[in-house]
Amino acid sequence: MDFRGGGVTSPSVAIVTVCRNALSSVATTIESVVRQQYPKKFYIVIDGASTDGTREYLHERRASIDALICEADKGIYDAMNKAIDLCPADSWVIFLNAGDSFSANDVLERLAGNFLEKADVVIGDVIIESSGGNRRVAANLRRKYEMPACHQAMLFRASLLKTFKFNLDYAAGADFDCFVRMRNHVGRSRISLYPGVISQVAPEGYTARNEGRLRRDYFQIIGRQSGRFAAWRWLLERKVRQCIRKWLPYRAA
(Lines give C-alpha, C1' and ligand atoms only; values in the text may rest on other atoms or scores of the structure.)
Protein backbone atom coordinates (compact mmCIF):
# COMPACT_ATOMS: atom_id res chain seq x y z
CA MET A 1 0.00 0.00 0.00
CA ASP A 2 1.32 3.45 -0.93
CA PHE A 3 1.02 6.06 1.82
CA ARG A 4 2.85 8.87 0.05
CA GLY A 5 -0.13 10.71 -1.30
CA GLY A 6 -0.41 12.56 -4.56
CA GLY A 7 0.99 15.99 -3.93
CA VAL A 8 -2.02 17.43 -2.16
CA THR A 9 -1.18 20.94 -0.98
CA SER A 10 -4.10 21.45 1.40
CA PRO A 11 -4.95 18.15 3.08
CA SER A 12 -7.73 17.84 5.61
CA VAL A 13 -6.59 17.47 9.21
CA ALA A 14 -8.63 15.47 11.71
CA ILE A 15 -8.16 16.56 15.33
CA VAL A 16 -9.18 13.85 17.78
CA THR A 17 -10.01 14.25 21.46
CA VAL A 18 -10.83 11.19 23.53
CA CYS A 19 -12.05 11.84 27.04
CA ARG A 20 -13.99 10.59 30.03
CA ASN A 21 -15.17 12.72 32.94
CA ALA A 22 -13.25 15.71 31.64
CA LEU A 23 -15.76 18.49 32.26
CA SER A 24 -13.18 20.76 33.89
CA SER A 25 -10.70 20.57 31.00
CA VAL A 26 -12.30 19.65 27.68
CA ALA A 27 -13.47 23.23 26.97
CA THR A 28 -9.83 24.32 26.69
CA THR A 29 -9.25 21.87 23.88
CA ILE A 30 -12.47 22.60 22.04
CA GLU A 31 -11.74 26.34 22.07
CA SER A 32 -8.22 25.75 20.79
CA VAL A 33 -9.53 23.68 17.89
CA VAL A 34 -12.15 26.31 17.08
CA ARG A 35 -9.46 29.01 16.96
CA GLN A 36 -7.34 27.14 14.42
CA GLN A 37 -7.32 29.21 11.25
CA TYR A 38 -6.84 26.21 8.95
CA PRO A 39 -10.09 25.76 6.98
CA LYS A 40 -9.83 22.02 6.23
CA LYS A 41 -10.04 20.72 9.79
CA PHE A 42 -12.33 17.97 11.03
CA TYR A 43 -12.91 17.64 14.78
CA ILE A 44 -13.74 14.27 16.35
CA VAL A 45 -14.56 13.78 20.03
CA ILE A 46 -14.97 10.34 21.59
CA ASP A 47 -16.41 10.37 25.11
CA GLY A 48 -16.23 7.21 27.16
CA ALA A 49 -19.66 7.41 28.81
CA SER A 50 -18.82 10.27 31.16
CA THR A 51 -20.87 10.71 34.32
CA ASP A 52 -19.71 14.17 35.42
CA GLY A 53 -21.60 16.28 32.89
CA THR A 54 -19.00 16.02 30.10
CA ARG A 55 -21.44 14.29 27.79
CA GLU A 56 -24.05 16.98 28.23
CA TYR A 57 -21.46 19.73 27.69
CA LEU A 58 -20.24 18.09 24.49
CA HIS A 59 -23.77 18.05 23.13
CA GLU A 60 -24.06 21.75 24.00
CA ARG A 61 -20.90 22.34 21.92
CA ARG A 62 -22.07 20.11 19.08
CA ALA A 63 -21.79 22.92 16.53
CA SER A 64 -18.01 22.95 17.09
CA ILE A 65 -17.64 19.16 16.76
CA ASP A 66 -17.87 17.40 13.41
CA ALA A 67 -18.20 13.86 14.78
CA LEU A 68 -19.19 12.90 18.32
CA ILE A 69 -19.48 9.48 19.94
CA CYS A 70 -20.58 9.10 23.56
CA GLU A 71 -20.51 5.47 24.67
CA ALA A 72 -18.62 3.05 26.88
CA ASP A 73 -15.33 1.74 25.53
CA LYS A 74 -12.47 -0.59 26.45
CA GLY A 75 -10.05 2.21 27.31
CA ILE A 76 -8.27 5.14 25.74
CA TYR A 77 -6.82 3.22 22.78
CA ASP A 78 -10.17 1.64 21.95
CA ALA A 79 -11.61 5.16 21.85
CA MET A 80 -8.74 6.31 19.63
CA ASN A 81 -9.37 3.41 17.24
CA LYS A 82 -13.02 4.43 17.02
CA ALA A 83 -11.89 7.91 16.03
CA ILE A 84 -9.53 6.53 13.39
CA ASP A 85 -12.48 4.76 11.77
CA LEU A 86 -14.19 8.15 11.39
CA CYS A 87 -11.21 9.94 9.84
CA PRO A 88 -11.29 10.57 6.09
CA ALA A 89 -8.83 8.19 4.43
CA ASP A 90 -6.89 11.03 2.78
CA SER A 91 -6.63 13.17 5.93
CA TRP A 92 -3.97 13.72 8.54
CA VAL A 93 -4.65 12.96 12.21
CA ILE A 94 -3.50 14.50 15.48
CA PHE A 95 -4.65 13.49 18.96
CA LEU A 96 -5.21 16.20 21.58
CA ASN A 97 -6.25 15.13 25.06
CA ALA A 98 -8.80 17.07 27.11
CA GLY A 99 -6.95 20.05 28.53
CA ASP A 100 -4.37 20.19 25.73
CA SER A 101 -4.24 22.98 23.17
CA PHE A 102 -2.41 24.03 20.04
CA SER A 103 0.55 26.33 20.63
CA ALA A 104 -0.76 28.97 18.21
CA ASN A 105 -3.86 29.57 16.11
CA ASP A 106 -1.99 29.02 12.83
CA VAL A 107 -0.10 25.82 13.67
CA LEU A 108 -2.08 23.59 11.31
CA GLU A 109 -1.80 26.18 8.56
CA ARG A 110 1.99 26.28 8.88
CA LEU A 111 2.24 22.49 9.00
CA ALA A 112 0.06 21.99 5.95
CA GLY A 113 1.95 24.58 3.95
CA ASN A 114 5.42 23.13 4.40
CA PHE A 115 5.50 19.66 5.91
CA LEU A 116 2.49 17.41 5.40
CA GLU A 117 2.92 16.89 1.67
CA LYS A 118 6.42 15.44 2.03
CA ALA A 119 6.02 12.90 4.83
CA ASP A 120 3.89 10.18 6.37
CA VAL A 121 4.51 11.25 9.97
CA VAL A 122 5.36 14.76 11.18
CA ILE A 123 6.60 15.42 14.71
CA GLY A 124 7.32 18.59 16.69
CA ASP A 125 7.89 19.96 20.19
CA VAL A 126 5.46 20.39 23.06
CA ILE A 127 5.22 22.70 26.03
CA ILE A 128 4.39 20.81 29.23
CA GLU A 129 2.50 22.99 31.68
CA SER A 130 3.42 23.06 35.36
CA SER A 131 2.64 25.21 38.36
CA GLY A 132 6.38 25.69 38.78
CA GLY A 133 6.98 26.77 35.19
CA ASN A 134 6.44 25.42 31.70
CA ARG A 135 8.96 23.07 30.11
CA ARG A 136 9.62 22.63 26.39
CA VAL A 137 10.20 19.03 25.32
CA ALA A 138 11.91 18.73 21.96
CA ALA A 139 11.09 16.07 19.39
CA ASN A 140 13.95 13.71 18.66
CA LEU A 141 14.04 11.26 15.75
CA ARG A 142 17.07 9.50 17.25
CA ARG A 143 15.06 7.95 20.08
CA LYS A 144 15.03 4.27 19.27
CA TYR A 145 13.16 2.88 22.24
CA GLU A 146 10.67 5.64 23.00
CA MET A 147 8.25 7.86 21.15
CA PRO A 148 10.14 10.56 19.25
CA ALA A 149 7.65 13.15 20.51
CA CYS A 150 4.51 13.44 22.62
CA HIS A 151 1.53 12.18 20.64
CA GLN A 152 -0.05 15.65 20.93
CA ALA A 153 2.77 16.85 18.68
CA MET A 154 2.60 14.08 16.09
CA LEU A 155 0.55 14.06 12.90
CA PHE A 156 -0.07 10.84 10.98
CA ARG A 157 -1.56 10.06 7.62
CA ALA A 158 -4.93 8.51 8.37
CA SER A 159 -4.15 5.73 5.91
CA LEU A 160 -1.27 4.68 8.16
CA LEU A 161 -3.37 4.72 11.31
CA LYS A 162 -6.12 2.72 9.63
CA THR A 163 -3.54 0.05 8.75
CA PHE A 164 -1.58 0.06 12.03
CA LYS A 165 -4.30 0.53 14.61
CA PHE A 166 -3.61 0.61 18.33
CA ASN A 167 -3.16 -2.82 19.91
CA LEU A 168 -5.49 -3.01 22.91
CA ASP A 169 -3.20 -5.56 24.58
CA TYR A 170 -1.04 -2.58 25.59
CA ALA A 171 -3.02 -0.43 28.02
CA ALA A 172 -0.35 2.32 28.28
CA GLY A 173 2.13 1.65 25.47
CA ALA A 174 -0.08 1.05 22.44
CA ASP A 175 0.98 4.35 20.87
CA PHE A 176 4.64 3.28 20.99
CA ASP A 177 3.80 -0.15 19.58
CA CYS A 178 1.83 1.51 16.78
CA PHE A 179 4.67 3.90 15.99
CA VAL A 180 7.26 1.10 15.92
CA ARG A 181 5.20 -0.84 13.40
CA MET A 182 4.71 2.32 11.31
CA ARG A 183 8.41 3.17 11.42
CA ASN A 184 9.38 -0.31 10.29
CA HIS A 185 7.01 0.07 7.35
CA VAL A 186 7.60 3.58 6.05
CA GLY A 187 11.24 4.10 7.00
CA ARG A 188 12.83 7.08 8.68
CA SER A 189 12.96 9.12 5.47
CA ARG A 190 9.18 9.53 5.60
CA ILE A 191 9.17 10.92 9.16
CA SER A 192 9.70 14.70 9.15
CA LEU A 193 10.67 17.06 11.96
CA TYR A 194 8.74 20.30 12.36
CA PRO A 195 11.10 22.87 13.95
CA GLY A 196 8.67 24.38 16.39
CA VAL A 197 6.10 23.80 19.11
CA ILE A 198 2.88 22.14 17.99
CA SER A 199 0.95 21.88 21.23
CA GLN A 200 0.80 22.74 24.91
CA VAL A 201 -0.17 19.88 27.20
CA ALA A 202 -1.22 19.28 30.77
CA PRO A 203 1.42 17.61 32.96
CA GLU A 204 -0.62 14.68 34.26
CA GLY A 205 -1.62 12.78 31.16
CA TYR A 206 -2.81 9.20 30.87
CA THR A 207 0.65 7.66 30.63
CA ALA A 208 1.99 9.77 33.48
CA ARG A 209 -0.76 8.36 35.70
CA ASN A 210 0.01 4.80 34.57
CA GLU A 211 3.80 4.69 34.78
CA GLY A 212 3.97 1.10 36.04
CA ARG A 213 1.88 -0.27 33.19
CA LEU A 214 3.78 1.86 30.68
CA ARG A 215 7.06 0.32 31.80
CA ARG A 216 5.66 -3.19 31.42
CA ASP A 217 4.29 -2.44 27.96
CA TYR A 218 7.47 -0.79 26.69
CA PHE A 219 9.57 -3.63 28.12
CA GLN A 220 7.53 -6.14 26.11
CA ILE A 221 7.57 -4.04 22.93
CA ILE A 222 11.31 -3.35 23.06
CA GLY A 223 12.03 -6.97 23.94
CA ARG A 224 10.03 -8.10 20.91
CA GLN A 225 11.82 -5.60 18.67
CA SER A 226 15.40 -5.71 19.93
CA GLY A 227 15.76 -8.39 22.61
CA ARG A 228 15.60 -8.52 26.40
CA PHE A 229 19.00 -6.89 26.93
CA ALA A 230 17.80 -3.76 25.13
CA ALA A 231 14.59 -3.85 27.16
CA TRP A 232 16.43 -4.04 30.49
CA ARG A 233 18.78 -1.25 29.41
CA TRP A 234 15.83 0.97 28.49
CA LEU A 235 14.15 0.30 31.83
CA LEU A 236 17.28 1.26 33.78
CA GLU A 237 17.83 4.42 31.74
CA ARG A 238 14.21 5.49 32.20
CA LYS A 239 14.43 5.13 35.96
CA VAL A 240 17.63 7.19 36.00
CA ARG A 241 16.05 9.94 33.89
CA GLN A 242 13.01 10.07 36.15
CA CYS A 243 15.22 10.43 39.22
CA ILE A 244 17.03 13.33 37.56
CA ARG A 245 13.75 15.03 36.60
CA LYS A 246 12.48 14.63 40.15
CA TRP A 247 15.29 16.81 41.45
CA LEU A 248 15.74 19.03 38.40
CA PRO A 249 12.20 19.16 36.99
CA TYR A 250 12.71 22.02 34.57
CA ARG A 251 16.00 21.01 33.07
CA ALA A 252 16.34 18.43 30.30
CA ALA A 253 17.40 14.99 31.56
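If you're wondering where the values come from, they're calculated on a predicted model, not measured in any experiment. (Residues numbered from 1 in each chain as written. Predicted model: local features only at pLDDT ≥ 70, side-chain atom pairs only at ≥ 80, totals over all residues. Heavy atoms only, no water.)

**Side note on the pairing of strand 4 (residues 92-95)**
In strand 4, alternate side chains face the same way, and those of Trp92 and Ile94 on one face and Val93 and Phe95 on the other are all buried. Strand direction decides the pairing type here: strand 1 (residues 13-19) and strand 4, joined by 4 bridges, are parallel. Directly across from isoleucine 15, in strand 4, lies its bridge partner isoleucine 94. Pairing of strand 4 with strand 8 (residues 154-157) involves 2 bridges; the strand directions are antiparallel. Its bridge partner being in strand 8, valine 93 is matched across the sheet by phenylalanine 156. (Buried < 20%, exposed > 50% of the residue type's maximum accessible area, 1.4 Å probe, protein only. Helix = DSSP H or I, 4+ residues; strand = E, 2+ residues; numbered from the N terminus. Pairing = 2+ DSSP bridges.)

**Digging into unusual backbone geometry**
For asparagine 21, which is not glycine, the phi dihedral falls at a positive 50°. Relative to the helices and strands, asparagine 21 resides in the loop between strand 1 and helix 1 (26-35). Accessibility expressed as a relative area gives 32% for asparagine 21, which makes it partly exposed. Of note, the phi angle at alanine 49 is positive, near 60°, even though the residue is not glycine.

**What to know about the pattern of salt bridges**
Scanning the model with the defined rule gives 14 salt bridges in all. Notably, a salt bridge pairs glutamate 71 with lysine 82, separated by 2.7 Å at the nearest N-O pair. Of this pair, glutamate 71 sits in the loop between strand 3 (67-70) and helix 3 (76-86) while lysine 82 sits in helix 3, and the two are 11 residues apart along the sequence. By relative accessible area, which is 38% here, glutamate 71 ends up partly exposed. Owing to a relative accessible area of 17%, lysine 82 belongs among the buried residues under this scheme. Across the pair glutamate 211 and arginine 215 runs a salt bridge, and its minimum N-O distance is 2.9 Å. One end of the pair is glutamate 211 and the other is arginine 215, both in helix 8 (residues 211-226) and 4 residues apart, which spans about a single turn. (Salt bridge = Lys/Arg side-chain N within 4 Å of Asp/Glu carboxyl O.)

**Overview of the packing of aromatic side chains**
In total, this model carries 5 aromatic pairs according to the counting rule given. Relative to tryptophan 234, the ring of tyrosine 218 lies with its centre 5.3 Å away and its plane at 25°, an arrangement referred to as stacked. Here tyrosine 218, found in helix 8, pairs with tryptophan 234, found in helix 9 (residues 228-247); they are 16 residues apart in sequence, far enough to count as distant. A relative accessible area of 2% means that tryptophan 234 is categorised as buried. Judged by centre distance (4.8 Å) and plane angle (75°), the rings of phenylalanine 219 and tryptophan 232 are edge-to-face. Remark: tryptophan 232 occurs in helix 9 and phenylalanine 219 occurs in helix 8; sequence separation between them is 13 residues. (Phe/Tyr/Trp six-rings, centres within 6.5 Å; stacked < 30°, edge-to-face > 60°.)

**With respect to the environment of arginine 215**
A relative accessible area of 23% means that arginine 215 is categorised as partly exposed. Along the primary structure arginine 215 and tryptophan 234 are separated by 19 residues, whereas in three dimensions their C-alpha atoms are 9.4 Å apart. Ignoring sequence-local partners within four residues, the contact set of arginine 215 consists of Trp234, Leu235, Arg238, Lys239 and Gln242. One polar contact links arginine 215 to glutamate 211, side chain to side chain, over a distance of 2.9 Å. (Contact = heavy atoms within 4.5 Å. Polar contact = N/O pair within 3.5 Å; in protein donor to acceptor, adjacent residues only side chain to side chain.)

**Comments concerning a nonpolar patch on the surface**
A cluster of nonpolar side chains, contributed by Leu236, Val240 and Ile244, occupies part of the molecular surface with about 260 Å² of accessible area. When you line up the elements, valine 240 lands in helix 9. With relative accessibility at 42%, the residue valine 240 sits in the partly exposed group. (Patch = residues over 30% accessible without salt bridge, like charges linked within 9 Å, V, L, I, M, F, W, Y side chains within 5 Å. Areas by Shrake-Rupley, 256 points an atom, 1.4 Å probe, with all protein chains shown as cover.)

**Notes on the nonpolar core**
Of all hydrophobic cores here, the largest spans 46 residues; its most connected members are Val121, Leu161 and Phe166. The leading source of residues in this core is helix 6 (residues 174-186), at 7 residues. Those residues in contact with valine 121, other than ones at most four positions away along the chain, are Trp92, Met154, Leu155, Phe156, Leu160, Phe179, Met182, Arg190, Ile191 and Ser192. (Core = buried A, V, L, I, M, F, W, Y, C linked by side-chain atoms within 4.5 Å.)

**Overview of the side chain of glutamine 36**
Residue position: glutamine 36 is located in the loop between helix 1 and strand 2 (41-47). A residue is classified by how much of its surface remains accessible, and glutamine 36, at 4% relative accessible area, is buried. Reaching out from glutamine 36, the side chain makes a polar contact with the backbone oxygen of asparagine 105 at a distance of 3.5 Å. Not counting residues within four places of it along the chain, the set of residues in contact with glutamine 36 comprises Lys41, Phe102, Ala104, Asn105, Asp106, Val107 and Leu108.

**Quick word on the pairing of strand 2**
For strand 2, the buried fraction is high: 5 of the 7 residues fall into the buried class. Pairing of strand 1 with strand 2, which is carried by 7 bridges, proceeds in the parallel orientation. By the bridge assignment, valine 18 is partnered in strand 2 with isoleucine 46. Tracing the backbone out of strand 1, into helix 1 and back to the parallel element strand 2 gives a crossover that is right-handed. (Right-handed = clockwise from strand over helix to strand, strands pointing away.)

On their own, these measurements won't tell you what the molecule is for.
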